[in-house]
Amino acid sequence: MSRVLLVDDDPTLVRALSINLRARAYDVHTAGTGATALAVAAKYPPDVVILDLGLPDMDGSQVITGLRGWTLAPILVLSAREAQAAKVAALDAGADDYVVKPFGLDHVAARIRAVLRRGLTSGDDPVIRVGDLAVDPRSRRVTLGGAEIDLTRKEFDLLYALASRKGEVVSKRTLLAEVWQQAYGGGDRTVDVHLSWLRRKLG
């Protein structure tokens, strides 16, 4: 069970997101201020942090800086700030992803799964192997039968999303949310196109 630290001063949002995440088998801890968030994180080290930037006692970027002093846990920012500068500042401070409010709960859940998987790149987790295919999330290298395959960033992210779920059926909706951070519109062929490129490169 992954431990989530949810930091936001909006009680309605905290309640809705907490219920949704607990239903997905996450262990959820909450905090309404930056100071409380840092204290809770120290007592219950999180596997992922969901953080609002507009906190009553400090800016969320200060919380990111405080957390990054001792933990590599993925940080997902949920904020009403749409300006590009706010996104860049949060990512530069150490956040791993940024979602603009309002958002869908399923979309946030998909982004949490994505940052948790990306967080494995900093650990000692093994290379994913599917037959002769090897996907190394640490170096972002892919080899097939020992020969390296040159993939674009999106092609690698798509292949990793699939390889890490080998044996499972993965929907287009899930892949669009995790790899492209967008909702499925029904007629979107982005996944199909990238899959066809992957098939050509992998033979």
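All residue numbers here refer to positions counted from 1 along the written sequence of the relevant chain. Thresholds applied to this predicted model are a pLDDT of at least 70 for local features of residues and 80 or more for the giving and counting of side-chain atom pairs; totals over whole chains, interfaces and linings are not thresholded and use all residues. Heavy atoms from the whole structure form the basis of all side-chain values; hydrogens and water molecules are not counted.

1. Describing unusual backbone geometry
The test is simple: A run of DSSP states H or I qualifies as a helix once it reaches four residues; a run of E qualifies as a strand once it reaches two. Both are numbered from the N-terminal end. The cut-offs for exposure are 20% and 50% of the maximum accessible area for each residue type, with area from a 1.4 Å probe on protein chains only; residues under the lower value are buried, those over the upper are exposed, and the others partly exposed.
Residues Lys 101 and Pro 102 are joined by a peptide bond in cis, for which omega reads -5 degrees. Positive phi, normally seen in glycine, also occurs at Ala 25, with a value near 75 degrees. Structurally, the position occupied by Ala 25 is in the loop between helix 1 (11-23) and strand 2 (27-31). Take Ala 25: its relative accessible area is 44%, and that puts it in the partly exposed class.

2. With respect to the pattern of salt bridges
The cut-off we apply is this: Between Lys or Arg on one side and Asp or Glu on the other, a salt bridge is scored when a side-chain nitrogen of the former is within 4 Å of a carboxyl oxygen of the latter.
With the rule as written, the count across this model stands at 11 salt bridges. A salt bridge links Glu 155 to Lys 201; its shortest N-O distance comes to 2.7 Å. With a gap of 46 residues between them, Glu 155 in helix 6 (residues 153-163) and Lys 201 in helix 8 (residues 190-202) connect regions that are remote in the sequence. A salt bridge links Asp 192 to Arg 189; the nearest nitrogen and oxygen atoms lie 3.4 Å apart.

3. Considerations on the packing of helix 7 (residues 172-179) against helix 8
Cut-off, in case you're wondering: The convention used is that axes are lines fitted to C-alpha atoms, helices contributing only their stretch in contact, and that angles between N-to-C directions extend from 0 to 180 degrees. When describing relative orientation, an angle under 35 degrees is termed roughly parallel and one over 145 degrees roughly antiparallel, while 65 to 115 degrees is termed roughly perpendicular and anything else oblique. In what follows, a contact means two residues having at least one pair of non-hydrogen atoms within 4.5 Å. In the scheme used here, Gly and all other residues not listed as nonpolar or charged are polar, with Ala, Val, Leu, Ile, Met, Phe, Trp, Tyr, Cys and Pro taken as nonpolar and Asp, Glu, Lys and Arg as charged.
Contact pair helix 7 / helix 8: the axes reach a minimum separation of 10 Å and the direction vectors enclose 85 degrees. Between helix 7 and helix 8, the interaxial angle falls into the category roughly perpendicular. Note on element contacts: helix 8 touches helix 7 through Thr 190, Val 191 and Asp 192, opposite Lys 172, Leu 175 and Leu 176. Among the residues making up the contact of helix 7 with helix 8, the classes are represented as three nonpolar, one polar and two charged.

4. Quick look at the sheet that holds strand 6 (residues 128-130)
Note the following rule: Pairing between strands is defined by DSSP: at least two bridges between the two strands are required.
If you walk across this open sheet you meet the four strands as 6-7-8-9, and the pairing is antiparallel. The open sheet has two edge strands, strand 6 and strand 9 (147-149), and neither has a second partner. Averaged over neighbouring strand pairs, the angle between their axes works out to 25 degrees when direction is ignored. With three bridges connecting them, strand 6 and strand 7 (residues 133-136) associate as antiparallel partners. What sits directly across from Ile 128, in strand 7, is Val 135. The strands touched by helix 6 within the sheet are strand 6, strand 7 and strand 8 (141-144), with strand 7 carrying the most contacts at an inclination of about 110 degrees.

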